[in-house]
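# Coordinate inspection notes
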Amino acid sequence: MNDEAIAILGGTGDQGLGLALRFAKAGRPVVIGSRKEARAIAAADEVRKAVEGADVVGLENAEATAQAPVVILSVPFEHTASTVKGIRDALAPGQILVSMGVPLATAIGDGPVRTVGVWQGSCAELVASLAPNDVATVSAFQNVAAHRLQDLPHPVECDVLVSGPKEPRQRVMALCELVPGLRAIDGGPLANARIVEEITALLIGLNARYKVPEGLGWRLTGLPD
Ligand SMILES: NC(=O)c1ccc[n+]([C@@H]2O[C@H](COP(=O)([O-])OP(=O)(O)OC[C@H]3O[C@@H](n4cnc5c(N)ncnc54)[C@H](OP(=O)(O)O)[C@@H]3O)[C@@H](O)[C@H]2O)c1
């Protein structure tokens, strides 16, 4: 396992590919995971085309999980539990699972401007409940728009609230700083993910009302340097 590597499961989709592009551009080794290895390889090729010299490979999800200390889950909320169960045996003590999912009501055929309740409190807490005890779950990146991530020439201009146990939380905060324009905000314990996830549904509604298909970002003001 390369200490610098970042694995992105579902990195074949909009948000995961966006993160893959950004981390590859920052010079970090990226491992794209997919249910189908061929799709992961195709996504890795796409990153290589966009980022000269990118260190990126594509693997099936469980194999990708074993390659990196930080594993980002980038699958729709309704497939989160099955994905975590599918990689559980590939996880090793000390790894960090990053939950980016939002329990949008699209999961039950309703609209994306509302969320559904999750028994555990949030998607991130659902992930934590399924992960082995010696793997930390951190919540991050829910409020960042995929289109902005994929727009490599421009900074992303968004704050990222990061929640979870302290040391892993700080490691994920450091990853945010690899992406121009992203600013990591210390979001405290994992339970705060339930608030952060709700903000995404609000942002999706704002995108529609203000006609910003690329997706709005948001910033906190007044924070000390
Ligand atoms: N899109 C955004 O702007 C945005 C913003 C903030 C947060 N997010 C969050 O980021 C995550 C990914 O969003 P996205 O827009 O990239 O999603 P997406 O494109 O719809 O899907 C991402 C990947 O999930 C995998 N997937 C699809 N169906 C699956 C299933 N039945 N079981 C397991 N995996 C499945 C697919 O990968 P394979 O087919 O290759 O396995 C797919 O490429 C979501 O949790 C979303 O809430 C998205």
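Residues numbered from 1 in each chain as written. Predicted model: local features only at pLDDT ≥ 70, side-chain atom pairs only at ≥ 80, totals over all residues. Heavy atoms only, no water.

Taken together, 21 residues lie near the ligand, and T12, S34, R35, R39 and V75 sit nearest. Between the ligand and S34, the relevant distance is 2.5 Å, taken from an oxygen atom to a side-chain nitrogen or oxygen of the residue. Protein burial of the ligand: of its 890 Å² of free accessible surface, 76% is covered by the chains. A majority-of-atoms criterion places the ligand in the largest pocket. Residues that form the shell around the ligand fall into these classes: 8 nonpolar, 10 polar and 3 charged. (Near = heavy atom within 4 Å. Polar contact = N/O pair within 3.5 Å; in protein donor to acceptor, adjacent residues only side chain to side chain. Areas by Shrake-Rupley, 256 points an atom, 1.4 Å probe, with all protein chains shown as cover. 1 Å grid on protein atoms, 1.4 Å probe; cavity = no way out; pocket = protein on both sides within 12 Å on 5 of 7 lines; lining within 4 Å. Sits in = over half its atoms within 2 Å of the grid points. Nonpolar A, V, L, I, M, F, W, Y, C, P; charged D, E, K, R; others polar.)

For the rest of this paragraph, the subject is the pattern of salt bridges. A complete count under the given rule lists 8 salt bridges for this structure. Two residues, E157 and R219, come together in a salt bridge whose shortest N-O distance is 2.6 Å. Highlighted residues: E157 in the loop between α6 (146-150) and β7 (158-162) and R219 in the segment after α8 (193-209), separated in sequence by 62 residues. The network of salt bridges with shared partners includes E157, D159, R183 and R219. (Salt bridge = Lys/Arg side-chain N within 4 Å of Asp/Glu carboxyl O. Helix = DSSP H or I, 4+ residues; strand = E, 2+ residues; numbered from the N terminus.)

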